[in-house]
Amino acid sequence: TAALVNLLIGIIIGALEGYYGGAFDLIFERIKDILWYVPTMVFMTLFQMYFSKSMGPLVAMFFGFIFFGWISSSSTVRAQFYRYKGQEYVMAARTLGAKDRRLIFRHILPNAAGYIITASVLSIPGTIFSEATYSYLGIVNLNSATLTSVGAMLSNGQAALSTYPHCVFFPALFLSLLLICFNIFGNGLRDAFNPSLRGSEE
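Computed from a predicted model, the values in this text were never measured in an experiment.

Criteria and thresholds
- Residues numbered from 1 in each chain as written.
- Predicted model: local features only at pLDDT ≥ 70, side-chain atom pairs only at ≥ 80, totals over all residues.
- Heavy atoms only, no water.
- Helix = DSSP H or I, 4+ residues; strand = E, 2+ residues; numbered from the N terminus.
- Contact = heavy atoms within 4.5 Å.
- Areas by Shrake-Rupley, 256 points an atom, 1.4 Å probe, with all protein chains shown as cover.
- Phe/Tyr/Trp six-rings, centres within 6.5 Å; stacked < 30°, edge-to-face > 60°.
- pLDDT = per-residue confidence, 0-100.
- Expected span 1.5 Å × (residues − 1).
- Buried < 20%, exposed > 50% of the residue type's maximum accessible area, 1.4 Å probe, protein only.
- Bend = angle between axes of the 7 residues up to and from the residue.

Enquirer: Residue-level account of the overall build of the protein, with values.
Expert: A tally of regular secondary structure across the protein gives eight helices and zero strands. Mapped from its N terminus to its C terminus, the protein presents α and β elements in the order α-α-α-α-α-α-α-α. Projected onto the principal axes, the alpha-carbon positions of the protein cover approximately 70 × 40 × 30 Å. Considering only residue pairs separated by 6 or more positions, the protein has 64% of its internal contacts joining residues 24 or more positions apart. Just so you have it, the protein exposes about 12000 Å², and 68% of that area is on carbon and sulfur atoms.

As structure tokens, this is what we get:
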């Protein structure tokens, strides 16, 4: 869910940056530079300290991921818009009187959709690994009667690692397989949308 929200926010901001450029692009690039160089763990810790009691740790973590998670997707969309907005078919549509909204949603975004979707799917493993890391370190506490986390399971099993190693082995195996599956799925989407990149590593 967080990845989908980040993608939607990134598409909106990145499309406006890439299409209009100028002062709008400059301002948002400086905002992203500031957020990018602040450690994400600081943001997540602050969100958990001030919002976990009122909203719950899961919702606080969700908003923590959204707060800085859109930066990567917006940069991807921005780069694709800069790539396609100068193409001949876009210039022809503009000459024929097409409005900005039509140029964005009918001519540029559909052509960039393949790369954007692929990049978004490949970002999901990073979100999963970050959540497991925060849970393992105790920054996010998702332990409850109905909820748990792989990171929390790894943290709890660490105390019994010498006597019951399976308590750590199986959560670690599950996390590894999950990350590998998403990466393979993302690479498959990349090959499907752009066969010329088939077999290459990014």
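Enquirer: Tell me about the packing of aromatic side chains, and name the residues and values.
Expert: Per the stated rule, a full pass over the model turns up 10 aromatic pairs. Taking the centre distance of 5.3 Å and the plane angle of 75° together, the rings of Phe169 and Phe170 count as edge-to-face. Ring pairs connect the aromatic residues Phe43, Phe47, Phe51, Phe65, Phe67, Phe68 and Tyr134, which therefore count as one cluster.

Enquirer: An account of the confidence of the model for the protein is needed here, citing residue identities and associated values.
Expert: On average, the protein scores 84 in pLDDT, and the residues at 70 or more come to 95%. The element-level mean pLDDT for the protein is lowest in helix α3 (residues 40-55), coming to 83, with helix α5 (residues 88-95) highest at 89.

Enquirer: Quick rundown of helix α8 (residues 166-193)? Include the residues and the values.
Expert: When the terminal C-alpha atoms of α8 are compared, their 40 Å separation across 28 residues agrees well with the 40 Å that a helix rising 1.5 Å per residue should span. Buried within α8 we find Val168, Pro171, Leu175, Leu179, Gly186, Leu189, Arg190 and Asp191.

Enquirer: Please set out helix α6 (residues 100-137) residue by residue, giving values where relevant.
Expert: Helix length check: α6, at 38 residues, gives a terminal C-alpha distance of 47 Å against a target of 56 Å (1.5 Å per residue), a shortfall beyond 12%. By the largest-angle criterion, Leu109 marks the main kink of α6, which is about 55°, and a proline, Pro110, follows within four residues.

Enquirer: Let's hear about the environment of Pro125: which residues, and what values?
Expert: Here Pro125 is to be found in helix α6. Residue classification places Pro125 among the buried positions, given a relative accessible area of 7%. For the pair Pro125 and Ala192, spaced 67 residues apart in sequence, the C-alpha to C-alpha distance is 20 Å.

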